[in-house]
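Structural characterization, general
Spelled out from the first residue to the last, the chains are:
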Amino acid sequence: MSELRSSDVVVIGAGVVGAACAHFAVRAGLSVTVLDRGPVAGGTTGAGEGNLLVSDKDPGPELTLALLSLRLWSELALERHDFEYEAKGGLIVARGAAEAVTATATAAAQRTCGVTAHVVGPDELHAYEPHLARGLAGGTYYPQDAQVQPALAAAALLRTGARVRTGVTVTGFLRGRADRVVGVRTTHGDLTAGAVVNAAGTWAGEVAALARVPLPILPRRGFVLVTEPLPALVRHKVYAAAYSADVASDDARLASSAVVEGTPSGPILIGASRERVGFERSFPVPVLRRLAAQAIELFPILADASIIRAYQGFRPYCPDHLPVLGPDPRAPGLLHACGHEGAGVGLAPATGLLIAQALTGDAPEFDPTPFDPTRFAEVPA
Ligand SMILES: Cc1cc2nc3c(=O)[nH]c(=O)nc-3n(C[C@H](O)[C@H](O)[C@H](O)COP(=O)(O)OP(=O)(O)OC[C@H]3O[C@@H](n4cnc5c(N)ncnc54)[C@H](O)[C@@H]3O)c2cc1C
């Protein structure tokens, strides 16, 4: 016998994206059940950092989504204080003249879209970050960049009215008239629903396949180093200009560039590596060493810090670096909210709002066409 009660909406995945979808659907007056085979934030959300960035995004649909999300995160932080929201700002650092020129041009383009970006001369850098290396070529400061603790943020979003069932794996879809998706099959029985949201992160392609629709979501591995708790040595999110190119790259091989940030509890987080090696879970020491060396290049004072742990996660990568959002006409009743790669925490609230608007039939906050789930139909396998 099924232990599950039907609801207007079933969300598959209790990561930050599923939590945001549930939150905004509940706010729109819908009853919502969130299912996860593991714990809340047990997927990539629990293995990521919590940067909410506009700085690393070029003008385009992802930046529009990020700007809306930043506004929504700051509004949520006024309502709740349980997810370590910090409006700390981001500093991109250029190591040479060429990087400084590119960073300045990027900032000018972003400003036309509503991003606030201040060019920082080489002699001003240390007023922002006193412990930065000497001899850097300058940078750009982005006051809108912020940070949350991702697992706490997912839990906070789920605490606002959705029913949450952990330890429940979705194994298939219930289909009704005209092959409409009318619920899910799970390890704990069937659950009917008016609509189902696929927020299964890096596993969203596998969940979509259960509904017989293809979605090209692939894992993109990343490591994070965590230092011992330190006094506030790093005030902002600070990263090398090369990071944005790594994010945008299609190369499956290892790419890494320094990303350094403090946390409210003291440890400094050091990233960021990217590589497409499937769900390979080994811990290659040369990659960890490279991350540490790049961070020390930016902040020489870190040479004396101890690393207390390192962890890895698998970002939900899409070939065109855009998330997959909205109803899937190939399986009416099924919506997708996945494929956010390295920006799912940042983009979660805007994703949740767009999904809630699609569920209620309200006009979308902005045109979601670039995120259309069927856009990959012509992508060669
Ligand atoms: C090293 C690293 C650093 C990162 N840093 C940042 C950052 O600073 N800022 C940022 O915005 N993003 C960052 N990210 C990316 C971010 O973590 C992800 O984009 C985001 O967490 C994706 O959230 P999600 O809810 O879509 O997926 P997940 O958190 O993976 O949630 C999906 C859930 O679906 C569940 N699930 C899957 N299949 C099933 C099934 N069949 N039945 C039931 N449940 C199922 C899983 O158990 C999982 O809990 C980083 C990622 C990594 C790896």
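It should be emphasised that the depicted structure is a prediction, and the values quoted were computed from it without experimental measurement. (Residues numbered from 1 in each chain as written. Predicted model: local features only at pLDDT ≥ 70, side-chain atom pairs only at ≥ 80, totals over all residues. Heavy atoms only, no water.)

**Examining the sheet that holds strand S16 (residues 307-317)**
Here is the rule: Criterion used throughout: strands pair if DSSP finds at least two bridges between them. Every helix listed is a DSSP run of H or I at least four residues long, and every strand listed is a run of E at least two residues long, numbered separately from the N terminus. Orientation is described by lines fitted to C-alpha atoms, with helices fitted over the stretch in contact, and by angles between N-to-C directions that extend from 0 to 180 degrees. Two residues form a contact once any of their heavy atoms are found within 4.5 Å.
Taken together, the eight strands give an open sheet; going across it, the order is S5-S6-S4-S13-S14-S15-S12-S16, and neighbouring strands pair in mixed fashion. Whereas interior strands pair on both sides, the edge strands pair on one side only; in this sheet they are strand S5 (118-120) and S16. Adjacent strand axes in the sheet meet at a mean angle of 20° when their direction is disregarded. Across two bridges, the pairing between strand S13 (residues 237-240) and strand S14 (residues 255-262) is antiparallel. Following the sheet pairing, Tyr-239 is matched in S14 by Val-259. With respect to the sheet, helix H8 (residues 285-298) is in contact with strand S4 (90-94), strand S12 (218-227), S13, S14, strand S15 (268-274) and S16, its orientation differing from that of S14 by roughly 60°.

**Here's the deal with the site of the ligand**
Condition: By convention in this text, a residue qualifies as near a molecule or strand provided that one of its non-hydrogen atoms is within 4 Å of it. Within 3.5 Å is the distance limit for a polar contact, defined as a pair of N or O atoms, with the added protein rule that one can donate a hydrogen and the other accept it, and that residues adjacent in sequence qualify only through two side-chain atoms. All accessibility values rest on the Shrake-Rupley procedure with a 1.4 Å probe; residue burial counts only the protein chains present in the view. By the convention adopted, Pro, Cys, Tyr, Trp, Phe, Met, Ile, Leu, Val and Ala count as nonpolar, Lys, Arg, Asp and Glu as charged, and the other residues, Gly among them, as polar. Note: domain ranges come from an automatic or database domain assignment.
Near the ligand, the surroundings consist of 36 residues, among which Asp-36, Thr-44, Thr-45, Glu-341 and Gly-346 are the closest. The backbone of Val-17 places a nitrogen or oxygen atom 3.0 Å from an oxygen atom of the ligand. Within the backbone of Ala-343, one N or O atom sits 3.3 Å away from an oxygen atom of the ligand. Against a free-state accessible area of 1000 Å², the protein chains account for coverage of 96% of the ligand. Among the elements of the structure, helix H1 (16-27), S12, S16 and helix H9 (344-360) are those that each provide at least two residues to the shell around the ligand. When residues in the shell around the ligand are grouped by element, the largest group, four residues, is from S16. When grouped by side-chain class, the residues that make up the shell around the ligand number 15 nonpolar, 16 polar and five charged. Counting residues domain by domain, the shell around the ligand receives three or more from each of domain 1 (7-48 + 151-215 + 320-371) and domain 2 (89-143 + 218-317).

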